[in-house]
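# Structural overview
Each chain, letter by letter, is given below.
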Amino acid sequence: MIGFLFLTALTVSIDSFVCGFSLAMGTKKKIPIVLGITLVVFLLCLCTNYLALFLAEKMSEKTVALGGLILMAIGFFNLFNQKKEKEENNGHGLLKQSLILGFGVGLDGAFANLSLSLMGLNAFYVPTIITAMHAVMISSGILLSQTKIVKKLAKIEFIPPLILILLGGYKTLGLFI
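Residues numbered from 1 in each chain as written. Predicted model: local features only at pLDDT ≥ 70, side-chain atom pairs only at ≥ 80, totals over all residues. Heavy atoms only, no water.

Here the focus is the side chain of His-134. You can see His-134 is positioned in helix α6 (residues 125-145). With residues near it in sequence (within four places) discarded, His-134 still touches Val-12, Ser-13, Asp-15, Ser-16, Thr-38, Val-41, Val-105 and Gly-109. (Helix = DSSP H or I, 4+ residues; strand = E, 2+ residues; numbered from the N terminus. Contact = heavy atoms within 4.5 Å.)

With that out of the way, let us pick up helix α1 (residues 2-25). Counted at 1.5 Å a residue, the expected span for α1 with its 24 residues is 34 Å, and the 34 Å between its end C-alpha atoms agrees. At Ser-13, α1 is deflected by roughly 35°, the largest bend along its length. (Expected span 1.5 Å × (residues − 1). Bend = angle between axes of the 7 residues up to and from the residue.)

Okay, the packing of α1 against α6 next. Packing of α1 against α6 leaves a shortest axis separation of 6 Å and a crossing angle of 35°. The two elements α1 and α6 cross, and the hand of that crossing is right-handed. Residues that form the contact of α1 with α6 fall into these classes: 18 nonpolar, 7 polar and 1 charged. (Axes fitted to C-alpha atoms, helices over the stretch in contact; angles between N-to-C directions. Left-handed = near helix turned anticlockwise from the far one by under 90°. Nonpolar A, V, L, I, M, F, W, Y, C, P; charged D, E, K, R; others polar.)

In this section: α6. Helix length check: α6, at 21 residues, gives a terminal C-alpha distance of 30 Å against a target of 30 Å (1.5 Å per residue), a fit within 8%. Turning to α6, its buried residues number three or more, namely Val-126, Pro-127, Ile-129, Ile-130, Thr-131, Met-133, His-134, Met-137, Ile-138, Gly-141, Ile-142 and Ser-145. (Buried < 20%, exposed > 50% of the residue type's maximum accessible area, 1.4 Å probe, protein only.)

For the rest of this paragraph, the subject is a nonpolar patch on the surface. Taken together, Leu-39, Leu-43, Leu-95 and Leu-99 make up a surface patch of nonpolar side chains, about 320 Å² in accessible area. Assignment of secondary structure puts Leu-43 in helix α2 (residues 31-55). The exposure class assigned to Leu-43 is partly exposed, which follows from its relative accessible area of 45%. (Patch = residues over 30% accessible without salt bridge, like charges linked within 9 Å, V, L, I, M, F, W, Y side chains within 5 Å. Areas by Shrake-Rupley, 256 points an atom, 1.4 Å probe, with all protein chains shown as cover. Salt bridge = Lys/Arg side-chain N within 4 Å of Asp/Glu carboxyl O.)

The values reported here are purely geometric and, on their own, carry no functional implication.
Written as structure tokens, this is what we have:
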């Protein structure tokens, strides 16, 4: 059962890798990205852990697509507000953005947490492992974004928001499949 938990955590955190990669290409402040996203993922997982019995009948797998819509909205917002963001250049916008992204990428982790808690897995280990896997994947995305070839690509300003839009579109496909 532990192997299943780790595999599930890896599966639902792959989108965090892409988000960490995308956000790190456009900023030098990486700690707020990791902390913001992982904090939100952990809180979402805790909430679903304790509300699993009440919400189990009302949720469907299609609800995860909401995370995709949120990622697409953030991508479009970033695409059209790049100049304004460069002028402000403060950490508050980045932290707020990473918290919203944490909600977008954390929804699938929260729903996976819900299903695992309904299967009887420990209420402490599940959110901890899912959150840790998200943190590892975000950090891996950030590390990859620091390679030379990616730094050259980062100069093309529309690429990071485009990555978020594509990731959101992929997650939203769950509504139609």
